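Spelled out from the first residue to the last, the chains are:
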Amino acid sequence: MNQEEKTKIEEHIVDVLKTVYDPEIPVNIWDLGMIYKIDVKDDNTVDIDMTFTAPSCPAADFILEDVRTKVDSVEGVKSANVNLVFEPAWDQSMMSEEARTELGLD
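Residues numbered from 1 in each chain as written. Predicted model: local features only at pLDDT ≥ 70, side-chain atom pairs only at ≥ 80, totals over all residues. Heavy atoms only, no water.

Caption draft 1: Region of the structure containing the overall build of the protein. For the protein, the count of helices and strands is 4 helices and 3 strands. For 106 residues, the compact-globule formula gives about 13 Å, and the C-alpha radius of gyration of the protein, at 14 Å, lands near that figure. Once the C-alpha set of the protein is aligned to its principal axes, its extents read approximately 40 × 25 × 25 Å. Per-residue burial for the protein yields a buried fraction of 42% across its 106 residues. For the protein, the share of sequence-separated contacts (at least 6 apart) that also reach a separation of at least 24 residues comes to 61%. (Helix = DSSP H or I, 4+ residues; strand = E, 2+ residues; numbered from the N terminus. Rg over C-alpha atoms; globule rule 2.2 N^0.38 Å. Buried < 20%, exposed > 50% of the residue type's maximum accessible area, 1.4 Å probe, protein only. Contact = heavy atoms within 4.5 Å.)

Next up, the structure:
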């Protein structure tokens, strides 16, 4: 798989990640800055590093499964491995400008 193909798959992954929401926050996880890494490998598997806004997120299992299911459905993805990480710790500075506006933080 060449870099152009990887980039196209990564763009589709970002599109589906923008449809994943924490049930308690009206902003998608991509714009919240909860996705730290998307690594599309030559064998069409994908490794994703993500975090939560709080380590004790009550919707963690639901969100992780939603991410895995939606990324697995992207054309060209064989399977997705979602890694939950807490380094660096999430903070509001990781949010997109749109997310900050939506939540009234600007």
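Caption draft 2: Expanded view of the environment of Lys 6. Residue placement: Lys 6 occurs in helix H1 (residues 3–17). Each C-alpha atom, one on Lys 6 and one on Asp 42, is 8.1 Å from the other, the two residues being 36 residues apart in sequence.

Caption draft 3: Just the sheet that holds strand S1 (residues 35–40), in detail. Spatial strand order, S1-S2-S3: 3 strands in an open sheet with mixed pairing. Edge positions in the sheet fall to S1 and strand S3 (79–84), since each has one partner strand and no second. Put simply, the sheet's adjacent strands are angled 15° from each other on average, direction ignored. Two elements, strand S2 (residues 45–50) and S3, share 6 bridges in a ladder whose sense is parallel. The residue bridging Val 46 from the neighbouring strand is Ala 80, located in S3. Packed on one face of the sheet, helix H3 (residues 60–72) meets S2 and S3 and runs near 155° to S3. (Pairing = 2+ DSSP bridges. Axes fitted to C-alpha atoms, helices over the stretch in contact; angles between N-to-C directions.)

Caption draft 4: Highlighting H3. Under the 1.5 Å per step criterion, the end-to-end length of H3 is 18 Å for 13 residues, consistent within 8% with the ideal 18 Å. Here H3 has its buried residues at Ala 60, Ile 63, Leu 64, Asp 66, Val 67 and Val 71. Down the axis of H3, the sector holding all buried residues measures 160°, keeping them to one side. Elements in contact with the buried residues of H3: H1, helix H2 (29–32), S2 and S3. (Expected span 1.5 Å × (residues − 1). Arc of directions from axis to C-beta.)

Caption draft 5: Spatial organisation of the packing of H1 against H3. Put simply, H1 and H3 touch, their axes get as near as 9 Å, and they point 140° apart. Put simply, H1 runs oblique to H3. Between H1 and H3 lies a crossing of right-handed hand. Mapping the contact onto sequence places Ile 13, Val 16 and Leu 17 in H1 and Val 67, Lys 70 and Val 71 in H3. (Parallel < 35°, antiparallel > 145°, perpendicular 65-115°, else oblique. Left-handed = near helix turned anticlockwise from the far one by under 90°.)

Caption draft 6: Quick peek at the pattern of salt bridges. In total, this model carries 6 salt bridges according to the counting rule given. Put simply, Lys 6 and Asp 42 hold a salt bridge, and the shortest N to O gap is 2.8 Å. Linking Lys 6 in helix H1 with Asp 42 in the loop between S1 and S2, this pair joins segments that are 36 residues apart in sequence. Lys 6 sits in the buried class, given a relative accessible area of 18%. With a relative accessible area of 52%, Asp 42 lands in the exposed category. Among the salt bridges present, the one from Lys 70 reaches Asp 66, with a minimum N-O distance of 3.6 Å. Of this pair, Lys 70 and Asp 66 both sit in helix H3, 4 residues apart, which is roughly one turn of that helix. On the basis of relative accessibility, which here comes to 17%, the residue Asp 66 falls in the buried class. One continuous salt-bridge network, built from bridges that share partners, spans Asp 39, Lys 41 and Asp 47. (Salt bridge = Lys/Arg side-chain N within 4 Å of Asp/Glu carboxyl O.)

Functional significance is not addressed by these values, which are geometric in nature.
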